[in-house]
Amino acid sequence: NSVLEKIIKESKDAIPTANSKVICHYEEHNLEDSNFNSSYKRNQPFETYCNRVIKGWTDALTNMPVGSIWEVFIPQELAYAEQERSEFIKPFSMLKFKIELLEIVDEKK
């Protein structure tokens, strides 16, 4: 499972399922703490189904109430494993995310 490092903001709202479509903001860091990807910086929230992202994200989102902000570490086996995804994501990389779950917008049957 993803490792919850810190709850930045706690909420008691609805929790999405793997089939939920959600809108969230995020910051992505590698372990050198380079912030190389941020929906905040783009001023564009990210919309996705919980089961269409890396396993670590699915684990976090399906345990996270809407309105929460969490900081999570995602081990390489729940991220991209041996794949090199960019100059920032080397093979076998652990990643750190700040995830803000804004809303659940749809539930796929």
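Residues numbered from 1 in each chain as written. Predicted model: local features only at pLDDT ≥ 70, side-chain atom pairs only at ≥ 80, totals over all residues. Heavy atoms only, no water.

Participant: For the nonpolar core, give the residues involved together with the corresponding values.
Facilitator: Grouped together as the largest cluster of nonpolar side chains are 20 residues, with contacts concentrated most on Trp-57, Leu-61, Val-72, Ile-74, Phe-97, Ile-99 and Leu-101. Among the elements of the structure, β2 (20-30), α2 (55-61), β5 (69-74) and β6 (95-107) are those that each provide at least two residues to this core. At four residues, β6 tops the list of elements feeding residues into this core. (Core = buried A, V, L, I, M, F, W, Y, C linked by side-chain atoms within 4.5 Å. Buried < 20%, exposed > 50% of the residue type's maximum accessible area, 1.4 Å probe, protein only. Helix = DSSP H or I, 4+ residues; strand = E, 2+ residues; numbered from the N terminus.)

Participant: So what's going on with the side chain of Ser-68? Residues and values would help.
Facilitator: Structurally, Ser-68 can be placed in the loop between α2 and β5. Looking at Ser-68, its side chain comes within polar contact range of the main-chain nitrogen of Ser-11, at 3.3 Å. In terms of polar contacts, Ser-68 uses its side chain to reach the backbone carbonyl oxygen of Pro-65, at 3.0 Å. In this view, Ser-68 contacts Lys-9, Glu-10, Ser-11, Ile-99, Glu-100 and Leu-101; residues no more than four positions away in its chain are not counted. (Polar contact = N/O pair within 3.5 Å; in protein donor to acceptor, adjacent residues only side chain to side chain. Contact = heavy atoms within 4.5 Å.)

By themselves, these observations are geometric and do not establish any function.
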